[in-house]
Amino acid sequence: MVQIQTNTVEETQLIAEKLATMLKPGDVITLEGELGAGKTTFTKGLAKGLGIKRNISSPTFTIIKEYEGRLPLYHMDVYRLEHSDEDIGFDEYFHGNGVTVVEWAHFIEEFLPNERLAIRIGYMDGDKRILEFTASGAYFEQIMNELIS
Amino acid sequence: MKKDTIILGIETSCDETAVSIVRNGTEIMTNVVASQIESHKRFGGVVPEIASRHHVEQMTVVLEKAFENTDITWDEVDAIAVTEGPGLVGALLVGVNSAKALSFAKQKPLVGVHHIAGHIYANRLEKEFEFPLLALIVSGGHTELVLMREHGSYELIGETRDDAAGEAYDKVARMLNLPYPGGPHIDQLAAIGEETIAFPRAWLEEGSYDFSFSGLKSAVINKIHNAKQRGETLKNEDIAASFQASVVEVLTAKTLKAAKAYNVKQVIVAGGVAANKGLRRELETVFSETDIPLLIPDIKLCTDNAAMIAAAGTIAFEQGRRSGLDLNANASLQLK
């Protein structure tokens, strides 16, 4: 596990943007953090790094939003699946042609692939955040180490 | 005499299963809505697969009931209009596939309709449009300003860059431990509270008609956290009043500015948040000082229904737009 502290929204988004440039189809990133921690804000940075021109808005209402870029982005907010244990076709996304970002991922733990990069966003004060990265699998460990170098 | 256009509309984009028949895009012949709100309440929001299952169970019941309430027969129906997006994909699919089956079985043309176009056309069931018109759409999934220069033409001039207005309401309601859906509860609390907290207003860049409610949501959360740490107690009704004041001020000011800039002849409000009393009152006050007529439809037409889909579908049908039997649900459909 590694931690990075950021002081501004721009710094947080730059890290996400850098991460995006290292990703390939079928990669899964999970995002945890309280309401308002900046999960969608982080995803905006990631989308920029994937060359997506459209604005990234919250996926809360529709659960999944899809965007076209250098790689497609599948942006999920599974908060409302907390009390549900049904598969709504996750594999098609996780093993699809794009990068999947899952907000509140612990609610669908049983469907997540074993290899993934988990990011927890913690509040400091104001726009300061602690980004905590946990890589599962050698592939994501390498990405994580490159990201902090 | 010109023959009437009779359109059957189907809507299943979220948690309402709805079928309606509308004559000439303006007159509701029958309008049946089966709401699932009770089933989703305990989850604090709509759960997709529960929604889909309900739609499957309700579709034929609602369809039969729609025909029971009217003298209109299938022979008189000119086309079937259905919401193709945006929305929950599993929910949309039930409506789209029902419409396709009916189109094939009854040999009627099929017309795919954008959900937001439907919300806009809900207003035409009450009053004829005058162009150019500006529509403010505010709901749990949408916050948009749409300019229409003629029937069937939609120009998106502003939209939310993060959370929809209704979503901000739901998330703040969650922080205040209010039941789902949060909007009406915050509206009620706001009515008895006072604006004691100066929450930010997201005006964005000069001249932008876009919205942003994520910063406001964070400000509310921070305020609650900070008060807790200091051992202070904030009154929920004051938080609600202060939050709502910020949302309402930005929505109203941007709508007014756009209405003047585009010299519109009508402003219409649509979507579930149009039922919010605080927003209605402020819009009515501000527009009463202009000569631009403001239309806010009856609450049952603000929330999801199929009459609005039939109404929007009527225009699309009359303009010659048809969908094939390969029509698919599109969760992220863009309004064009």
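Because the structure is predicted, anything quoted here is derived from the model rather than measured.

## Some thoughts on the overall build of chain A
Helices and strands together make up the secondary structure of chain A, namely four helices and seven strands. Ordering the α and β elements of chain A from the N terminus gives β-α-β-α-β-β-α-β-β-β-α. For 149 residues, the compact-globule estimate of 2.2 N^0.38 gives 15 Å, and chain A sits close to it at 14 Å. For chain A, the spread of C-alpha atoms along the principal axes amounts to about 40 × 30 × 30 Å. Across chain A, contacts joining residues at least 24 apart in sequence account for 64% of those joining residues at least 6 apart.

## So, the interface of chain A and chain B
Facing 19 residues of chain A, the contacting portion of chain B comprises 26 residues. Looking at the side of chain A that touches chain B, the element that brings in the most residues is strand β3 (residues 64–67) of chain A, giving three residues. Split into classes, the residues belonging to the side of chain A that touches chain B amount to six nonpolar, nine polar and four charged.

## Here we look at the sheet that holds strand β2 (residues 16–23) of chain B
Residue and element names in this part refer to chain B. Spatially, five strands are ordered β3-β2-β1-β4-β5 in an open sheet, and the strand pairing comes out mixed. Across the chains shown, the open sheet's two edge strands, defined by having one partner strand only, are β3 (27–35) and β5 (110–114). Across the sheet, the mean angle separating the axes of adjacent strands is 20 degrees when strand polarity is ignored. Pairing geometry for strand β1 (residues 6–11) and β2, over six bridges, is antiparallel. The residue of β2 that forms the bridge with Gly-9 is Ser-20. Of the strands in this sheet, β2 and β3 touch helix α2 (residues 48–68), which is tilted by about 25 degrees from β2. Seen against the sheet, helix α3 (residues 89–106) touches β1, β4 (79–85) and β5 and runs at an angle of roughly 155 degrees to β4.

## Some details on unusual backbone geometry
Going from Gly-85 of chain B to Pro-86 of chain B, the amide bond is cis rather than trans, its omega being -10 degrees. Relative to the elements of secondary structure, Pro-86 of chain B occurs in the loop between β4 and α3. A cis amide bond, omega -5 degrees, links Phe-131 of chain B with the succeeding residue Pro-132 of chain B. Relative to the helices and strands, Pro-132 of chain B resides in the loop between α4 (115–121) and β6 (133–138). You will see that Ile-63 of chain A, though not glycine, has its phi angle at about 70 degrees, which is positive.

## Considering the packing of helix α6 (residues 182–192) of chain B against helix α8 (residues 236–261) of chain B
Residues and elements named next belong to chain B. Packing of α6 against α8 brings their axes to within 7 Å, and their N-to-C directions diverge by 105 degrees. Taken together, the axis directions place α6 and α8 in an arrangement best described as roughly perpendicular. Residue-level inspection shows Ile-186, Asp-187, Leu-189, Ala-190 and Ile-192 of α6 in contact with α8, the latter providing Asn-236, Glu-237, Ala-240, Ala-241, Phe-243 and Gln-244.

## What to know about the environment of Arg-201 of chain B
Residues and elements named next belong to chain B. Mapped onto the elements of the fold, Arg-201 is located in the loop between α6 and α7 (214–229). With 15 C-beta atoms counted inside 10 Å, the residue Arg-201 sits in the partly exposed group. The sequence separation of Arg-201 and Ala-122 amounts to 79 residues, and the corresponding C-alpha distance is 30 Å. Those residues in contact with Arg-201, other than ones at most four positions away along the chain, are Ser-246, Glu-249 and Val-250.

## Here's the deal with the pairing of strand β8 (residues 155–159) of chain B
Every other side chain in a regular strand lies on the same face of the sheet, so the side chains alternate between the two faces. All names here are of chain B. For strand β7 (residues 143–148) and β8, the ladder comprises four bridges, and the chain directions are antiparallel. Bridge pairing in β8 links Glu-144 to Glu-159. Linking β7 back to β8 in an antiparallel pair, the connection comprises six residues, with Gly-152 at a positive phi of about 75 degrees.

## Regarding the confidence of the model for chain B
Summing up the model confidence of chain B, the mean pLDDT is 93 and the portion of residues at 70 or higher is 98%. Predicted as a complex, the structure gets a pTM of 0.86 and an ipTM equal to 0.78.

## Some thoughts on the domain arrangement of chain B
Size of an interface: often given as the accessible area lost when the parts come together. All names here are of chain B. Here the domain parsing of chain B yields domain 1 (6–122 + 302–318) and domain 2 (131–296). Spacing between the C-alpha centres of domain 1 and domain 2 amounts to 27 Å. In this complex, domain 1 contributes twelve residues to the contact, which on the side of domain 2 involves 18 residues. At the level of secondary structure, the elements contributing two or more residues to the side of domain 1 that touches domain 2 comprise α4 and α11 (307–318). No other element matches the four residues that α4 contributes to the side of domain 1 that touches domain 2. Split by residue class, the side of domain 1 that touches domain 2 holds seven nonpolar, four polar and one charged.

## Here's the deal with the environment of Ala-219 of chain B
All names here are of chain B. When you line up the elements, Ala-219 lands in helix α7. Given 19 C-beta atoms within a 10 Å radius, Ala-219 is considered partly exposed. Sequence separation of Ala-219 and Pro-200 is 19 residues, and the distance between their C-alpha atoms is 7.5 Å. Residues contacting Ala-219, with those up to four places away along its chain left out, are Phe-199 and Pro-200.

Parameters at a glance
All residue numbers here refer to positions counted from 1 along the written sequence of the relevant chain. Here the convention is simple: chains get letters from A, ligands get numbers from 1, in the order in which they are written. Confidence filtering applies because this is a predicted model: local features only for residues at pLDDT of at least 70, side-chain atom pairs given and counted only at 80 or more, and all residues used for totals across whole chains, interfaces and linings. Every helix listed is a DSSP run of H or I at least four residues long, and every strand listed is a run of E at least two residues long, numbered separately from the N terminus. As a reference, a globule follows 2.2 Å times the number of residues to the power 0.38, and the radius of gyration itself is taken over C-alpha atoms. The contact rule is simple: place each C-beta atom from the backbone, and if two of them lie within 7 Å, those residues are in contact. Three classes are used, and their members are as follows: Ala, Val, Leu, Ile, Met, Phe, Trp, Tyr, Cys and Pro are nonpolar, Asp, Glu, Lys and Arg are charged, and the others, Gly among them, are polar. A pair of strands is treated as paired once DSSP finds two or more bridges between them. Each axis is a line fitted through C-alpha atoms, taken for helices only over the stretch in contact, and angles between the N-to-C directions span 0 to 180 degrees. Any angle from 65 to 115 degrees is called roughly perpendicular, while one under 35 is roughly parallel, one over 145 is roughly antiparallel, and all others are oblique. Burial in this document is a count-based property: other C-beta atoms within 10 Å of a residue's C-beta are tallied, and the residue is buried at 20 or more, exposed at 12 or fewer, or partly exposed in between, with C-beta positions derived from the backbone. Per-residue confidence from the predictor is reported as pLDDT, a score between 0 and 100. Note: domain ranges come from an automatic or database domain assignment.

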